[in-house]
Amino acid sequence: MTLSLVEEQVVKSRDRVKAYGEVFTPKHMVEQMLDLVAEDLETGPDFVDKTFLEPSAGDGNFLVAILRRKLAAIERRFPADEWRNESLFALASIYGIELLEDNHEDAKANLLAEFVGFHQAHGTPADPGTGLHRAAEFLIGTNIVRGNTLTAQTPEGEGIQFSWWHRVEGQPGVVQREPFTLASLRDDAGFDFTVYATYEPCPIDEVHEQGGSDA
Ligand SMILES: C[S@@+](CC[C@H](N)C(=O)[O-])C[C@H]1O[C@@H](n2cnc3c(N)ncnc32)[C@H](O)[C@@H]1O
């Protein structure tokens, strides 16, 4: 039998429900909702790079389920020697915003645990200190942001900034990072890439060496 609603904690406290609308979506509903976008997640062309943004990330339940599906599809559809880089590109496609500090920390930790678990299950070293772990932690720290989606600001009152991770054509495994603000997504002009310095292209498993994350 699958986990029942009684066993699954969907509410932490009444106060938090009242103040932040914090009611977590049960796992079976998360899966049903993701079934609706299975083509983008798992079966369609370029599924690895299909972008997902969870504007009220909670503890990362949707983010983790998205990553799990992408990783399973990578395992089915790519040769094993490409899993390392493709799994990092999958992480780079997943974005989240969360208001509360504890939920934000949980979301990042749960995402990292899912990523590490995938690689460890295949015998790939992914312990802290490995390049793979550090690159994954960096991408998660950059993409999963603490802030208020409605105001597009961080707790410090700065504009929430994300980065787009472009694959560099003709150079497998190489990425180029381009920062943009959340606010710019709501402007008619779209992404404000040009406002910020662009990073040099680099192998995605060395992306943490360029710095610049809030991780
Ligand atoms: C209803 S819970 C949903 C969590 C998760 N998305 C789910 O479906 O299980 C809402 C979450 O959004 C966060 N939240 C509330 N207002 C927010 C805001 N303005 N910006 C970002 N996150 C917010 C809360 O802290 C809480 O973790």
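Remember, it's a predicted structure, so these values are computed and weren't measured experimentally.

Conventions we followed
- Numbering of residues starts from 1 in each chain and follows the order in which that chain's sequence is written.
- Per-residue local features of the predicted model are confined to residues with pLDDT of at least 70, and side-chain atom pairs are confined, for both listing and counting, to 80 or more; whole-chain, interface and lining totals are unaffected and use all residues.
- To obtain the side-chain values, all non-hydrogen atoms of the structure were included, while hydrogens and water were left out.
- Classification of residues uses two cut-offs on accessible area relative to the type maximum, computed with a 1.4 Å probe and protein chains only: under 20% is buried, over 50% is exposed, and between them is partly exposed.
- Elements are defined by DSSP. Helices are runs of H or I of four residues or more, strands are runs of E of two residues or more, and each kind is numbered from the N terminus.
- Here the rule is simple: two strands pair whenever DSSP picks up at least two bridges between them.
- Any two residues whose heavy atoms approach within 4.5 Å are treated as being in contact.
- Note that patches include only residues with greater than 30% relative accessible area and no salt bridge, and the join distances are 9 Å for like charges and 5 Å for nonpolar side chains (Val, Leu, Ile, Met, Phe, Trp, Tyr).
- We get accessible surface area from the Shrake-Rupley algorithm with a probe of 1.4 Å; when it comes to residues, only the shown protein chains can shield them.
- Salt bridges are defined as contacts in which a side-chain nitrogen from Lys or Arg sits within 4 Å of a carboxyl oxygen from Asp or Glu.

Student: Please explain the pairing of strand S5 (residues 174-181) as it appears in this structure.
Tutor: Looking along a regular strand, one sees the side chains alternate between the two faces of the sheet. S5 sits mainly inside the fold: 7 of its 8 residues count as buried. Pairing geometry for strand S4 (residues 161-167) and S5, over 7 bridges, is antiparallel. For glutamine 161, the partnering residue across the bridge sits in S5 and is threonine 181. Between the end of S4 and the start of S5, which pair antiparallel, lie 6 residues, with glycine 170 showing a positive phi angle near 80 degrees. As paired elements, S5 and strand S6 (residues 202-203) share 2 bridges and run antiparallel to each other. Across the sheet, valine 174 pairs through a bridge with proline 203, a residue of S6.

Student: Just to check I follow, could you spell out the environment of phenylalanine 191 for this structure?
Tutor: Examined against the element boundaries, phenylalanine 191 turns out to sit in the loop between helix H8 (182-185) and S6. Each C-alpha atom, one on phenylalanine 191 and one on leucine 53, is 15 Å from the other, the two residues being 138 residues apart in sequence. When neighbours within four sequence positions are excluded, phenylalanine 191 is seen to be in contact with Trp164, Phe180, Ser184 and Leu185.

Student: Teacher, can you tell me more about a nonpolar patch on the surface here?
Tutor: Together, Leu53, Leu185 and Phe191 make up an exposed nonpolar region whose accessible area comes to about 250 Å². Residue position: leucine 53 is located in strand S1 (residues 52-54).

Student: Looking at this structure, how should I read the pairing of strand S2 (residues 94-98)?
Tutor: Burial within S2 is extensive, with 5 of its 5 residues counted as buried. Residues Ile94, Gly96 and Glu98 point to one face of S2 and Tyr95 and Ile97 to the other, with burial holding for every one of them. In terms of strand pairing, S1 meets S2 through 3 bridges, oriented parallel. Paired with phenylalanine 52 across the two strands is isoleucine 94, which belongs to S2. In this structure, S2 lies alongside strand S3 (residues 144-146), joined through 3 bridges in parallel fashion. Paired with isoleucine 97 across the bridge in S3 is valine 145.

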